[in-house]
Amino acid sequence: MIRRLALCGVLGLVITASTTLPVSLAGATVLSLRASVSATVPPTFQTGLPLVRLHFTAPVNAKQLPPLETRPALRTTWEQIGPNDVQAVTAQTLAPLATYVVVIPRALTCSARCHFAALQARSVTVSSNLSWEDQLLAELNYLPVSFTATSTMPSLSQPVAGIYSWIYPSLPLSLRQQWSLSTDNVILRGALMTFQSQHALAVTGEADPPTWTALVAAANSGALDPAPYNYVNVSMTLPETLTLFVAGRTVFHTLVNTGIPLSPTAPGTYTVYLRYVTTTMSGTLPDGKPYHDTGIPWTSYFNGGDALHGFIRSSYGFPQSLGCVEMPFADAKTVFPHTPIGTLVTVRA
């Protein structure tokens, strides 16, 4: 179930509390201005968040105060919260993972108009949240786990308590063990890369501000991953093989060649990050001679210069490549449509 959401994180306000400053108000001198804020505000990026609260020793009219200055510019409004108290609240959505500088007064003079006589900058940082990243990607079907909410909290603008369940029991246990809630892991990065690629974002595997905005928009509109969850498992046990899983089911199996001892294929789990229908591969052989192979078809790079691709050999099933995973042209063509950006590829000894 997709619930309507807003961006989430912790907004830390680094502003000195209880600072006593001289002030003149409406032509009459009052004793002091006391600026204070809470250490944190609720983990949400909705509008209406208090950034600064000011307490005066005499009544003050919030409508007389000029807008609070921030960098980057952020629309704020002053609210009256008591005869002597005002607060500046956000009038627009905060960007996640952004740092805002809030400018607060050292001294304030009020006559016909109020203005800040001197300024002091403090920084505000909006942080990421891995647990909410897990929740959103699971709800949008980008992870091989599902999420079922168990919380009855009324607010849907932040992560909620819930249960995660592995969707595909037939996938290798070694893959399942690589995912852990609220941790930066290859399964989470692969899911995020897939999302970024599908939404024309920079494919970094990191939840930057544009990615957070797109994630929340997708959750609000119920835009689920249109593709099944795919996975490639390469075994270097002789004879070497590749197994393709689509939606948790084995759909294809073929013999492959991995790297020779002088240029081995590194074991591990990786994400596909670059793809070509056909490409040219150049480099240096172990004996120092250069090579330049054109027309390499159905290529999906997953670890540096290592890729899944087609290559003509007289036989398959044992180390022959310079680190890539080679297979017959027809087999590479079968695998290629199921290895979009973000697909996980495991190479195991």
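Structure first, text after, so check above.
Residues numbered from 1 in each chain as written. Predicted model: local features only at pLDDT ≥ 70, side-chain atom pairs only at ≥ 80, totals over all residues. Heavy atoms only, no water.

A short note on helix H1 (residues 130-139)
Counting buried residues along H1, 8 of its 10 residues qualify, which places the element largely inside the surrounding structure. Where H1 is concerned, the buried positions are Trp132, Glu133, Asp134, Gln135, Leu136, Leu137, Ala138 and Glu139. Each element contacted by the buried residues of H1 is listed here: strand E11 (145-149), strand E12 (162-166), helix H3 (186-198) and helix H4 (209-221). Looking at the residues trailing H1, positive phi occurs at Asn141, about 70 degrees. (Buried < 20%, exposed > 50% of the residue type's maximum accessible area, 1.4 Å probe, protein only. Helix = DSSP H or I, 4+ residues; strand = E, 2+ residues; numbered from the N terminus. Contact = heavy atoms within 4.5 Å.)

Re the pattern of salt bridges
All chains considered together, the criterion is met by 2 salt bridges. A salt bridge links Glu326 to Arg313, with the shortest nitrogen-to-oxygen separation between them at 2.9 Å. Of the two residues, Glu326 sits in strand E20 (residues 325-327) while Arg313 sits in the loop between strand E19 (306-310) and E20, which places them 13 residues apart along the sequence. Judged by relative accessible area, Glu326 falls into the buried class, the value being 4%. Exposure remark for Arg313: the relative accessible area of 29% places this residue in the partly exposed category. (Salt bridge = Lys/Arg side-chain N within 4 Å of Asp/Glu carboxyl O.)

Brief notes about the nonpolar core
Counting residues in hydrophobic clusters, the biggest one holds 33 residues, and the most contacted among them are Leu137, Leu143, Leu171, Ile187, Phe195 and Leu215. Leave out the neighbours within four places in its chain, and Ile187 touches Leu143, Pro144, Trp166, Leu175, Gln178, Trp179, Tyr229 and Leu344. Of all hydrophobic cores here, the second largest spans 20 residues; its members include Val246, Val256, Val272 and Val347. (Core = buried A, V, L, I, M, F, W, Y, C linked by side-chain atoms within 4.5 Å.)

Points about the packing of aromatic side chains
Applying the stated criterion across every chain yields a total of 10 aromatic pairs. Aromatic pair Tyr231 and Phe245: ring centres 5.7 Å apart, planes at 35 degrees, arrangement tilted. Highlighted residues: Tyr231 in strand E13 (residues 230-235) and Phe245 in strand E14 (residues 241-246), separated in sequence by 14 residues. Overall, the relative accessible area of 7% leaves Phe245 in the buried class. Here the aromatic rings of Tyr273 and Tyr301 are separated by 6.4 Å at their centres, their planes lie at 45 degrees, and the arrangement is tilted. One end of the pair, Tyr273, is in the loop between strand E16 (268-271) and strand E17 (274-284); the other, Tyr301, is in strand E18 (residues 290-303), and 28 residues separate them in sequence. We classify Tyr273 as partly exposed; its relative accessible area is 37%. For Tyr301, a relative accessible area of 12% translates into the label buried. (Phe/Tyr/Trp six-rings, centres within 6.5 Å; stacked < 30°, edge-to-face > 60°.)

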